[in-house]
Amino acid sequence: QVQLVESGGGSVQAGGSLRLSCVASGRDFSSYTMAWFRQAPGTEREFVAYGSGTSSGYADSVKGRFTVSRDNAKNTVSMQMNSLKPSDTAVYYCAARMGPFRLARYAYDYWGQGTQVTVSS
C-alpha cells in the first residue's frame, strides 16, 4: 500500500511560479512511475507530467513550463511550475503506479488527496 501526500499549492498571478511536492509512503519508491494529473471544475482529470526512473514526459499544454523531478532517497516527486497561466487553475493530484508510464488515469493505483492551484490574470 502506498500513501501519497501533496503539498505546495496556492494562489499566484499569471506568470508566477509554484512548486508542488508529493511524498510517498511505503517501499520500492524507485520502482513506481510517479505522475501528476489535474482537474478543473466541470472537466475530466487530465495528465500533466510524469517521472520514472529513466524518463519524464509532459502534456503539450505544460511542456517547457513545468519540470518534474524526483528524489528516490526521500520518496519524493516534485513539479516546478513556471510561467503559470489562468488555464493552469485546477486541483493537482499526484499518482503512482508500479511499472512503466501509462497515460490513462485508470492505470494508476494510488492517488493523493489533491492540492489546489489557482492562477489569476
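Anything mentioned here points back to the structure above.
The structure contained in this document is the topic of the report that follows. Model, not experiment: these values are computed from the prediction.

Observations concerning the pattern of salt bridges
If you walk through the whole model with that rule in mind, you get 5 salt bridges. A salt bridge links glutamate 46 to arginine 38; the nearest nitrogen and oxygen atoms lie 2.7 Å apart. Using a relative accessible area of 37% as the deciding quantity, one classes glutamate 46 as partly exposed. In this structure arginine 38 comes out as buried when scored by relative accessible area, which is 6%. With its nearest N and O atoms 3.1 Å apart, the salt bridge here joins lysine 63 to aspartate 60. Through salt bridges that share partners, Arg38, Glu46, Arg65 and Asp88 make up one connected network.

Description of the sheet that holds strand S3 (residues 18-24)
Strand order in this open sheet of 4 strands is S1-S3-S8-S7, and the pairing throughout is antiparallel. The strands lining the two open edges of the sheet, one partner per strand, are strand S1 (4-7) and strand S7 (66-71). Strand-to-strand twist of the sheet, defined as the mean angle between neighbouring strand axes without regard to direction, takes the value 15°. Sheet topology places S3 next to strand S8 (residues 76-81); 6 bridges connect them, and they run antiparallel. Looking across to S8, one finds that arginine 19 is bridged to glutamine 80.

Basis of the calculations
Residues numbered from 1 in each chain as written. Predicted model: local features only at pLDDT ≥ 70, side-chain atom pairs only at ≥ 80, totals over all residues. Heavy atoms only, no water. Salt bridge = Lys/Arg side-chain N within 4 Å of Asp/Glu carboxyl O. Buried < 20%, exposed > 50% of the residue type's maximum accessible area, 1.4 Å probe, protein only. Pairing = 2+ DSSP bridges. Helix = DSSP H or I, 4+ residues; strand = E, 2+ residues; numbered from the N terminus. Axes fitted to C-alpha atoms, helices over the stretch in contact; angles between N-to-C directions.

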